[in-house]
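Remarks on the overall topology
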Amino acid sequence: MVSSEHTVTDSSTLTDWYKSSHSGGSQADCLEVARGHAQVPVRDSKRPTGPALIFPSESWSAFVSAVRHGEFSA
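Here's a quick rundown of the structure. (Residues numbered from 1 in each chain as written. Predicted model: local features only at pLDDT ≥ 70, side-chain atom pairs only at ≥ 80, totals over all residues. Heavy atoms only, no water.)

**What about a nonpolar patch on the surface?**
On the surface, Phe63, Val67 and Phe72 cluster together into a nonpolar patch covering about 290 Å² of accessible area. In this fold, phenylalanine 63 is placed in helix H1 (residues 57-68). (Patch = residues over 30% accessible without salt bridge, like charges linked within 9 Å, V, L, I, M, F, W, Y side chains within 5 Å. Areas by Shrake-Rupley, 256 points an atom, 1.4 Å probe, with all protein chains shown as cover. Salt bridge = Lys/Arg side-chain N within 4 Å of Asp/Glu carboxyl O. Helix = DSSP H or I, 4+ residues; strand = E, 2+ residues; numbered from the N terminus.)

Take a look at the structure:
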């Protein structure tokens, strides 16, 4: 159920969630992204029925590109 244009209140209503292979095997501090949607849903892996933030595809791509190019300091 979408509660606004930027969130979904129960992310379990969406399908095809995955974590990055860089996340490791634990559930700690991981984000999951759902494939196959017009926009990009992102949720906390520890809260699979919790909310998800919804990002425009272009914005998510720009963010991922910035991470890959080291534009954020640790």
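Okay, back to it.
**As for the packing of aromatic side chains**
If you walk through the whole model with that rule in mind, you get three aromatic pairs. Ring centres of phenylalanine 55 and tryptophan 60 lie 5.7 Å apart, and the angle between their planes is 35 degrees; on these two criteria the pair is classed as tilted. For the ring pair tryptophan 60 and phenylalanine 63, a centre distance of 5.3 Å and an interplane angle of 40 degrees mean the geometry is tilted. Separated by three residues within a single helix, tryptophan 60 and phenylalanine 63 lie in helix H1, roughly one turn from each other. For tryptophan 60, a relative accessible area of 18% gives the class buried. A relative accessible area of 39% places phenylalanine 63 in the partly exposed class. An aromatic cluster of three or more residues is present, and its members are Phe55, Trp60, Phe63 and Phe72. (Phe/Tyr/Trp six-rings, centres within 6.5 Å; stacked < 30°, edge-to-face > 60°. Buried < 20%, exposed > 50% of the residue type's maximum accessible area, 1.4 Å probe, protein only.)

**Examining the pairing of strand E4 (residues 31-34)**
Working note: regular strand, side chains alternate between the two faces of the sheet. Where strand E3 (residues 17-19) and E4 come together, three bridges link them in antiparallel fashion. Bridge assignment links tryptophan 17 to a residue of E4, and that residue is alanine 34. Note: E4 against strand E5 (residues 40-44), three bridges, orientation antiparallel. Bridging from a neighbouring strand, valine 33 pairs with valine 42 of E5. Taking the residues between adjacent antiparallel strands as the criterion, E4 and E5 are bridged by five residues, where glycine 36 takes a positive phi near 85 degrees. (Pairing = 2+ DSSP bridges.)

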